[in-house]
Amino acid sequence: MQNPSKLRPFFENIEFEENNGKMILNFGPQHPSAHGQLKLVLELDGEKVVRAMPEIGFMHRGVEKMAENMTFQEFLPVTDRVDYIASSANNYALCAAVEKLCDIEVPRRAQIIRTMLLELNRISSHLLFLATHALDVGAMTVFLYAFREREYILDLIEKYCGARLTHSSIKIGGVFLDLPSGWTEELLAFCNKFPSDIATYEGLLSENRIWRMRLEGVGVLSRENALSWGCSGVMLRASGVEFDIRKAEPYLVYDEIDFEVPYSNTGDCYARYKLYMEEMRQSVKILLQCEKLYNNSGPEILANSPQFVSASKEQIMTQNYSLMQHFVLVTQGLKAKRGEIYHPTESPKGELGFYIYSTAESSPYRLKIRAPSFFHCALYEELLVGQYVADVVTIIGSSNIILGEIDR
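What comes next is a walk through the structure. This one's a predicted model, so the numbers in the text were calculated from it and none came from an experiment. (Residues numbered from 1 in each chain as written. Predicted model: local features only at pLDDT ≥ 70, side-chain atom pairs only at ≥ 80, totals over all residues. Heavy atoms only, no water.)

## Remarks on the overall build of the protein chain
Item 1. Helices and strands together make up the secondary structure of the protein chain, namely 17 helices and 9 strands.
Item 2. Relative to its length of 408 residues, the protein chain is compact, with a C-alpha radius of gyration of 23 Å against a globular reference of 22 Å.
Item 3. When its C-alpha atoms are laid out on the principal axes, the protein chain stretches across 80 × 50 × 45 Å.
Item 4. With 408 residues in all, the protein chain has 56% of them scored as buried.
Item 5. Here the contacts in the protein chain between residues at least 6 apart in sequence split such that 70% fall between residues at least 24 apart. (Helix = DSSP H or I, 4+ residues; strand = E, 2+ residues; numbered from the N terminus. Rg over C-alpha atoms; globule rule 2.2 N^0.38 Å. Buried < 20%, exposed > 50% of the residue type's maximum accessible area, 1.4 Å probe, protein only. Contact = heavy atoms within 4.5 Å.)

## Let's talk about the pairing of strand β7 (residues 339-347)
Item 1. As judged from the 9 bridges shared by β7 and strand β8 (residues 350-358), these two strands associate in the antiparallel manner. Bridge pairing in β8 links glycine 339 to serine 358.
Item 2. Joining the antiparallel neighbours β7 and β8 is a turn of 2 residues. (Pairing = 2+ DSSP bridges.)

## What about unusual backbone geometry?
Item 1. With phi around 50 degrees, leucine 252 is a residue other than glycine that occupies positive phi space.
Item 2. Relative to the elements of secondary structure, leucine 252 occurs in the loop between α10 (245-248) and α11 (269-295).
Item 3. Its relative accessible area of 14% is what places leucine 252 among the buried residues.
Item 4. Notably, alanine 360 is not glycine yet its phi reads approximately 65 degrees, a positive angle.
Item 5. With a relative accessible area of 28%, alanine 360 lands in the partly exposed category.

## Topic: the pattern of salt bridges
Item 1. This model, assessed by the stated rule, comprises 29 salt bridges.
Item 2. Arginine 164 is the salt-bridge partner of glutamate 158, the closest N and O atoms lying 2.8 Å from each other.
Item 3. Among the residues examined, arginine 164 registers a relative accessible area of 25% and is labelled partly exposed.
Item 4. The shortest N-O distance in the salt bridge between glutamate 202 and arginine 281 comes to 2.6 Å. Remark: arginine 281 occurs in helix α11 and glutamate 202 occurs in helix α6 (residues 183-205); sequence separation between them is 79 residues.
Item 5. Among the charged side chains, a salt-bridge network with shared partners connects Glu119, Arg122, Arg237, Asp244, Arg246, Glu279 and Glu346. (Salt bridge = Lys/Arg side-chain N within 4 Å of Asp/Glu carboxyl O.)

## What about the packing of helix α5 (residues 140-161) against α6?
Item 1. At a minimum axis separation of 11 Å, α5 and α6 run at an interaxial angle of 165 degrees. Classified by the angle their axes make, α5 and α6 are roughly antiparallel. As α5 runs across α6, the sense of the crossing is left-handed. Along the contact surface, α5 presents Thr141, Val142, Tyr145, Ala146, Arg148, Glu149, Tyr152, Ile153, Leu156, Lys159 and Tyr160, while α6 presents Trp183, Glu186, Leu187, Phe190, Lys193, Phe194, Asp197, Thr200, Tyr201, Leu204 and Leu205.
Item 2. Split into classes, the residues belonging to the contact of α5 with α6 amount to 14 nonpolar, 2 polar and 6 charged. (Axes fitted to C-alpha atoms, helices over the stretch in contact; angles between N-to-C directions. Parallel < 35°, antiparallel > 145°, perpendicular 65-115°, else oblique. Left-handed = near helix turned anticlockwise from the far one by under 90°. Nonpolar A, V, L, I, M, F, W, Y, C, P; charged D, E, K, R; others polar.)

## Observations regarding the packing of aromatic side chains
Item 1. Within this structure, the stated rule accounts for 11 aromatic pairs.
Item 2. Relative to tyrosine 276, the ring of phenylalanine 129 has its centre 4.1 Å away and its plane inclined at 35 degrees; by these criteria the two rings are tilted. Within this pair, whereas phenylalanine 129 is found in helix α4 (residues 108-137), its partner tyrosine 276 is found in helix α11, the two being separated by 147 residues in sequence.
Item 3. The class of tyrosine 276 is buried, set by a relative accessible area of 2%.
Item 4. Centroid distance phenylalanine 374 to phenylalanine 375: 5.9 Å. Interplanar angle 85 degrees. Geometry classified as edge-to-face. (Phe/Tyr/Trp six-rings, centres within 6.5 Å; stacked < 30°, edge-to-face > 60°.)

## Quick notes on α6
Item 1. Counted at 1.5 Å a residue, the expected span for α6 with its 23 residues is 33 Å, and the 32 Å between its end C-alpha atoms agrees.
Item 2. At phenylalanine 194, α6 shows its maximal kink, close to 30 degrees; a proline, proline 195, follows between one and four residues later.
Item 3. Where α6 is concerned, the buried positions are Trp183, Thr184, Leu187, Phe190, Cys191, Phe194, Asp197, Ile198, Tyr201, Glu202 and Leu205.
Item 4. The secondary structure elements touched by the buried residues of α6 are α4, α5, α7 (209-215) and α11. (Expected span 1.5 Å × (residues − 1). Bend = angle between axes of the 7 residues up to and from the residue.)

## Let's talk about the side chain of serine 399
Item 1. Of note, serine 399 is situated in helix α16 (residues 389-399).
Item 2. Look at serine 399 and you get buried, because its relative accessible area is 2%.
Item 3. Each residue touching serine 399, except ones within four places of it in the same chain, is listed here: Met235, His376 and Tyr380.

## Focus: the sheet that holds β8
Item 1. Read across the open sheet, the 3 strands follow the order β7-β8-β9; overall the sheet is antiparallel. Each end of this open sheet is capped by a strand with a single partner; those strands are β7 and β9 (366-370). Strand-to-strand twist across the sheet, computed as the mean angle between neighbouring axes with direction ignored, equals 10 degrees.
Item 2. Of the strands in this sheet, β7, β8 and β9 touch helix α3 (residues 87-102), which is tilted by about 145 degrees from β7.

## Some points on the environment of glutamate 300
Item 1. Mapped onto the elements, glutamate 300 comes out in the loop between α11 and α12 (313-318).
Item 2. In this structure, the C-alpha to C-alpha distance between glutamate 300 and alanine 199, residues 101 residues apart in sequence, is 38 Å.
Item 3. Beyond its immediate chain neighbours, meaning those up to four positions away, glutamate 300 contacts Pro107, Arg109 and Ala110.

## A closer look at the environment of isoleucine 257
Item 1. Take isoleucine 257: it is sitting in the loop between α10 and α11.
Item 2. Between the alpha carbons of isoleucine 257 and glycine 174 there is a distance of 20 Å; along the sequence they are 83 residues apart.
Item 3. Residue contacts for isoleucine 257: discarding those within four places in its chain leaves Thr115, Ile286, Gln289, Cys290 and Leu293.

## Some details on a nonpolar patch on the surface
Item 1. Together, Leu135, Met140 and Leu144 make up a nonpolar patch on the protein surface, roughly 270 Å² of accessible area in all.
Item 2. If you trace the backbone, methionine 140 turns up in helix α5.
Item 3. Looking at methionine 140, the relative accessible area reads 47%, which means it is partly exposed. (Patch = residues over 30% accessible without salt bridge, like charges linked within 9 Å, V, L, I, M, F, W, Y side chains within 5 Å. Areas by Shrake-Rupley, 256 points an atom, 1.4 Å probe, with all protein chains shown as cover.)

These results come straight from atomic positions and should not be treated as a statement about function.
And the structure:
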């Protein structure tokens, strides 16, 4: 005999509750458009969102607490996992904070290589944003094209450091390796080709009637709200605030490079999409200038600071003092100076900074990461109210969050 209970609707991941004609809808944490383990509890009146409550913590790993039990060098590869699609940006942010705390002067060639890696990371991250955001809204072709060009960038990074996703390509005091032979020629070939690829994406999307209807006037974030909620990066610049840490507080060789900071006053999803496209063009411009600076730089890639940085492999193999100093740094860890420091950087998603409180031990007494996605996720509580449920996916996509930055 048939069991009648099996004929009732069964919702595995969705819970419904009736409340004065309103419906509670759990969006995520396994929804593919949630871009990770984001759970969004939406209260709907018909198809309109009247209340939105982001819930986080489903992939919490205690990264900041791990830092207190590891040496600075041991913790460096862990930062790869914070924003795993722009790992070099996190590597650099930690290294820069430690170097600032310890007054370590990084050689010029290492600074140029770091700038190249950061900008390649920026383009790679923006391409992933474009591909997944377009797929969320329903544009399949752009997804395939963007992933194709992203592969070229990952190939370049792999040829430099041997890794494609979690790079660990930057070390405290400089970089591990100089650029391999022929690397800059491949970089130039990519930079010469990529602008035409950006034009292809824009040809498919920018004037596409469906794309514009789904993005224009959706998820409008005012200048006041963007500043009030602590937004940064494209989320802030799309709302009319022309602020980029690379310009405001230059680091590495950004103060020597000519590039523009694109911004918009409309603050909607379409404005954010346009800024991401323009930022990729500016990154290509930066890479081309870095290639010229690299050719005119000296060969040093590691700081001459024996107290904090191991000597080069050649020196370790030939000089007894360098070998002893390397042994001490590896077994006991770098003992940073006593004090506290915060160093902000402009990651692909916005302001990424590391706060370190040091008691002159080999591990930080306290470490705090200021990640942009955390602030942009909190914004949903206000930004989604009044929007249609179909636009929720568009708004989440345009804010370009990564849950590794949120569930630290």
